[in-house]
Amino acid sequence: MSKPNLVYILADDMGYGDVSCLNPHAAFQTPNFDRLGAEGAIFTDAHATSAVCTPSRYGILTGRYNWRSRLKEGVLGGYSSHLIENGRKTVADLLRENGYATGCVGKWHLGMDWTLHRPFTEEERSDFFFPGENVDFSVPVKNGPVDRGFDSYFGISASLDIPPYVYIENDRPTALPDHEYEGSEAPAFARRGPCGPDFRHEEVLPTLTQKAKEFISAHRNEPFFLYFPLPAPHTPILPSAQFRGKSHTNDYGDFCLMCDDVVGQIMQQLKEEGLEENTILIYTSDNGCSPAANIPELLACGHNPSAQFRGHKADIYEGGHRIPLLIRWPEMIRPGSRADETVCLCDLMATMAELLGVKLPDNMGEDSVSNLPLWRGEYGPIREYTVHQSIDGSLSIRKGKYKLEMCPGSGGWSFPVPGTPDEEGVPSIQLYDLENDEGETHNLAPEHPEVVEPLRELLFRCVMQGRSTPGAAQMNNGAPIWETVRWMEEMQEK
């Protein structure tokens, strides 16, 4: 079998319930997502490593839990320095070293090093969304995608609502900012910031889609890896005229249909190039749906973007990190397959390594587990346990049917909100039986300490060892190991 191409499409803030083949109660149908699932495999228990975007992207590309990096909570800005450590190999590195052309098109949001006119002041460091006048856009950026395993890059530094509003090709802007974008209100929300003359927010998704299609065409005669992280349906929520009103919900629903169309265009491009049979096509999301989608309005229209699960983006609850995952590869995956086993987006590294017959060194893909058996239809548990994280840094651990959450509330933006009276009088940790209570409605922690303690100890060991897979112990980044342990204990005490 020749080396398969890999196209990895990552939505930005799309909920599990926004894909109609996963949600029978969806208010709108997603024909291209559904076709992708019907022609390949639907994964019903797939998770991002985090409930927000920067950290989950770190996990995808490194095969390592994001909280092992210096970023212990929150996300990066558009001017933030690089998060993927110097010397750390990515999935792109793995594939390039094995004969692949590698390209990234879309939203990076993992930091890159801009050249500054002067060092940041303390105020600018704390307000990293807005120091655009201090950036020299005329010189190359460093430690971006082309320094992390990708041969080429075209995209934006962070989310589409975070400046700077410039396209970056390889390591430099395509045009210097020539005006200040004034910002906009919800649902097309975007922050104020410098903007290039060739940049229009409503044109970004179509522009990136065209660039992705061009990459496929240009590399049709060699094995390639295209990482295509969309800027949608994240804010600014900007469905084009073709999709406005089509979902019969709101702008967010229409934007989801526009994302569905993007997948259809990529599928058509692969067909036209004769690449369908030997291309692994993956569609997933970095985390759950954001409240910016106006969830109450969606619910009033009969649509729940989290389907039957509790919470949404930012939360430790399932709605924060359980995401759609659809994979088609005709040469291996049987059409109409359905996998109910727990998998994690950080598993891409180990899966591709096994596929290529490559043994990963101990300092690469420390939390990645190969999903190849599931792709072959050999169903059964493949992960001993899986760790999740909310926006405030709270951790949870899932093993079998039980999920232990090391916080009293959501750890994010839904009720109970961290640090508010919502959390008063509730137990400091939560335990749920997801087999019988997938909506996480009944906290079993007070009545089942015999389940809580082994899970807590397993999570502690996972942090201490710097890995969750077999191999030599590794160090976590960002703080000494004892600081990481103290941080985890603080999360439990909150």
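Use the structure listed above.
Residues numbered from 1 in each chain as written. Predicted model: local features only at pLDDT ≥ 70, side-chain atom pairs only at ≥ 80, totals over all residues. Heavy atoms only, no water.

Enquirer: Would you take a moment to explain the environment of Q29 for this structure?
Expert: Residue position: Q29 is located in the loop between β1 (5–12) and α1 (31–39). On the basis of relative accessibility, which here comes to 52%, the residue Q29 falls in the exposed class. Separated by 218 residues in the primary sequence, Q29 and S247 place their C-alpha atoms 8.0 Å from one another. Leaving out residues up to four positions away in the same chain, Q29 has contacts with S20, D34 and L257. (Helix = DSSP H or I, 4+ residues; strand = E, 2+ residues; numbered from the N terminus. Buried < 20%, exposed > 50% of the residue type's maximum accessible area, 1.4 Å probe, protein only. Contact = heavy atoms within 4.5 Å.)

Enquirer: Explain unusual backbone geometry here, please?
Expert: Across residues other than glycine, the phi torsion is negative in most instances, and most of the peptide bonds are trans. A cis amide bond links A186 with the next residue in sequence, P187, at an omega value of 5°. By the element assignment, P187 lies in the loop between β8 (179–181) and β9 (193–195). Geometrically, the link from F415 to P416 is a cis peptide bond, its omega value of -5° lying close to zero. Mapped onto the secondary structure, P416 falls in the loop between β17 (402–405) and β18 (430–433). A positive phi angle, near 60°, is found at N143, a position not held by glycine. Within the secondary structure, N143 is located in the loop between α4 (122–126) and β5 (152–156). Residue E440 is not a glycine yet carries a positive backbone phi of 50°. For E440, the location among the structural elements is in the loop between β18 and α11 (449–465). Residue classification places E440 among the buried positions, given a relative accessible area of 0%.

Enquirer: Would you explain the pairing of strand β4 (residues 101–107) in this entry?
Expert: Taken residue by residue, a regular strand's side chains alternate between the two faces of the sheet. By the criterion of burial, β4 is predominantly enclosed, with seven of the seven residues buried. In this structure, β4 lies alongside strand β10 (residues 224–233), joined through four bridges in parallel fashion. Across the sheet, C104 pairs through a bridge with Y227, a residue of β10. As defined by bridge partners, β4 adjoins β5 across five bridges and the pair is classed as parallel. By the bridge assignment for β5, C104 is matched with Y153. (Pairing = 2+ DSSP bridges.)

Enquirer: Just checking my understanding: could you explain the sheet that holds strand β13 (residues 337–339) for this structure?
Expert: Strand pairing in a sheet relies on backbone hydrogen bonds, with the paired strands running either antiparallel or parallel. The sheet built from 10 strands is open, its strands ordered β7-β6-β5-β4-β10-β1-β11-β12-β2-β13 with mixed pairing. Looking at which strands have only one partner, the edges of the open sheet turn out to be β7 (172–173) and β13. Against the sheet, helix α2 (residues 53–62) engages β1, β4 and β10, with an angle of about 165° to β1. (Axes fitted to C-alpha atoms, helices over the stretch in contact; angles between N-to-C directions.)

Enquirer: Before we go on, may I ask you to explain the environment of I280 in this structure?
Expert: Mapped onto the secondary structure, I280 falls in strand β11 (residues 279–285). Counting along the chain gives 272 residues from I280 to Y8, while the straight-line C-alpha distance between them is 8.1 Å. In contact with I280, not counting residues within four places along its chain, are P4, N5, L6, V7, I327, R328, W329, M352, L355 and W375.

Enquirer: I keep staring at the pattern of salt bridges and nothing clicks. Help me out?
Expert: Scanning the entire structure with this criterion turns up 30 salt bridges. Note that R322 is salt-bridged to E318, the shortest N-O span being 2.8 Å. Per residue, the accessibility class of R322 equals that of E318, and both read buried. One salt bridge connects K401 with D433, and the closest N-O pair in it is separated by 3.5 Å. (Salt bridge = Lys/Arg side-chain N within 4 Å of Asp/Glu carboxyl O.)

Enquirer: I tried to follow the environment of S390 on my own but got confused; where do I start?
Expert: Within the secondary structure, S390 is located in the loop between β15 (386–389) and β16 (395–399). The class of S390 is buried, set by a relative accessible area of 1%. Along the primary structure S390 and G15 are separated by 375 residues, whereas in three dimensions their C-alpha atoms are 15 Å apart. Discounting chain neighbours no more than four positions away, the residues touching S390 are A51, A314, D315, I316, S410 and G411.

Enquirer: Which parts of the structure should I look at to understand the state of the cysteines?
Expert: What is meant by a disulfide is a covalent connection between two cysteines, made through their sulfur atoms. This model, assessed by the stated rule, comprises zero disulfides. Of all cysteine sulfurs in the structure, the one in C53 sits closest to C195, which takes part in no disulfide; the separation is 20 Å. A residue is classified by how much of its surface remains accessible, and C195, at 2% relative accessible area, is buried. Unpaired in terms of disulfides, C462 finds its nearest cysteine sulfur in C346, a separation of 9.9 Å. (Disulfide = S-S within 2.5 Å.)

Enquirer: Help me understand empty space enclosed by the protein in this model?
Expert: Empty space among the atoms becomes apparent when a probe as large as a water molecule is rolled across them. The full count for this structure, using the stated rule, is four cavities of 30 Å³ or more. Approximately 100 Å³ is the volume found for the largest cavity. Taken together, Y8, I282, L325, I327, C344, L345, D347, L348, T351, N371 and W375 make up the lining of the largest cavity. Among the elements of the structure, β12 (325–328) and α9 (348–356) are those that each provide at least two residues to the lining of the largest cavity. Each residue belonging to the lining of the largest cavity can be placed in one class, and the counts come to eight nonpolar, two polar and one charged. (1 Å grid on protein atoms, 1.4 Å probe; cavity = no way out; pocket = protein on both sides within 12 Å on 5 of 7 lines; lining within 4 Å. Points joined across faces, edges and corners; volume = space filled by probe spheres on them. Nonpolar A, V, L, I, M, F, W, Y, C, P; charged D, E, K, R; others polar.)

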